[in-house]
There are 2 protein chains.
Amino acid sequence: MNTPIRRNTKQRAAISEVVQSLSNFHSAQDIHAELAKRGSTVGLSTVYRALAAMAADGDVDTLLRDDGETLYRQCADAAHHHHLVCRQCGATVEVDGPTVETWTQRIAAEHDFDDVSHTLEVFGRCAQCRAQG
Amino acid sequence: MNTPIRRNTKQRAAISEVVQSLSNFHSAQDIHAELAKRGSTVGLSTVYRALAAMAADGDVDTLLRDDGETLYRQCADAAHHHHLVCRQCGATVEVDGPTVETWTQRIAAEHDFDDVSHTLEVFGRCAQCRAQG
DNA sequence: ACTGATATTGACAATCGTTTTCATGTAGGG
DNA sequence: CCCTACATGAAAACGATTGTCAATATCAGT
């Protein structure tokens, strides 16, 4: 049950590079397509595996879309934070929520729950998209 | 583009009954299986369609699991609320979060976002499961 | 550098939840 | 009772993700 040692490969470097160059959240398939567009021949399975590993290491953030598709994003802050995402253009703002964190703790304590974690995402329409209509 | 009129059928009644009898969150497949166990022959597609309709009408709450599977639950309170779910046994507590609601509004306003909504779920381990180890 | 143990890759098949298709059944207003 | 839309169910289609497995590449130790 020991975690396998992680190796540095061209493929992972390429994937990492693409994820960094893309702002906002993108699916594994998106990233694979972008990779292909740039001439890379990385396999789709590899993209999935690399992204999963990066997410496990906390190098990228994940977001579950309504339809169940998983989206990945390179975040500026490695610490725990949440996202404010524009429903239309996908523009993403990283937000810190100390209020929410303490609220979560309190709720858990009140109901005698242990080892708590939470998921929180905020969706809306950004100023730019609103201006356009 | 007008919403179709909703009809009352035996199938939907059966599905509704099962959902009510099951506490906590369950997948469409779970519900279909439970239906079968009780002698009903409702088709899987029908279960999916009925649950989607019920969710659209706000009659049941939905929860997206990490692996993308959608879970459904009959909630006591029809109003907006969140859930504190035990990771182990699935026990669910409905919690109200005025703090979170106002925080969300503030964050959205600060970044000039419009028409905001949010998803928030809290996971943990309940007292009972902790006692068992 | 060479080597060996082992992590990684990629093409493809398999899985699995969910949606669609379409012919048939049925609710419910007139 | 009769329409006419909506609903059903079986099966096929779908789409994201994961597994398989032989070939390959990484890297620590020599």
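Residues numbered from 1 in each chain as written. Chains lettered and ligands numbered in written order. Predicted model: local features only at pLDDT ≥ 70, side-chain atom pairs only at ≥ 80, totals over all residues. Heavy atoms only, no water.

A. Just the protein's contact with DNA strand C, in detail. T9, R12, T46 and R49 of chain A together with Y48 of chain B are the nearest of the 23 residues found near DNA strand C. Looking at DNA strand C alone, sugar and phosphate atoms form 64% of those within 4 Å of the protein. Contacts to DNA strand C include R12 of chain A, whose side-chain N or O atom sits 2.8 Å from a phosphate oxygen. A distance of 2.8 Å separates a phosphate oxygen of DNA strand C from a polar side-chain atom of Y48 of chain B. Per-element tally for the surface near DNA strand C: the top contributor is helix α3 (residues 44-56) of chain B, with four residues. Class assignment for the residues of the surface near DNA strand C results in five nonpolar, ten polar and eight charged. (Near = heavy atom within 4 Å. Polar contact = N/O pair within 3.5 Å; in protein donor to acceptor, adjacent residues only side chain to side chain. Helix = DSSP H or I, 4+ residues; strand = E, 2+ residues; numbered from the N terminus. Nonpolar A, V, L, I, M, F, W, Y, C, P; charged D, E, K, R; others polar.)

B. Examining the protein's contact with DNA strand D more closely. Close to DNA strand D lie 23 residues; Y48 and T70 of chain A together with T9, T46 and R49 of chain B are nearest. Y48 of chain A places a polar side-chain atom, nitrogen or oxygen, 2.6 Å from a phosphate oxygen of DNA strand D. Looking at the surface near DNA strand D, the elements that each hand over two or more residues are α3 (44-56) of chain A together with α1 (10-21) and α3 of chain B. In terms of residue count, α3 of chain A provides more of the surface near DNA strand D than any other element does, four residues in total. In terms of residue class, the surface near DNA strand D is built from five nonpolar, ten polar and eight charged.

Taken by themselves, the reported measurements are silent on function.
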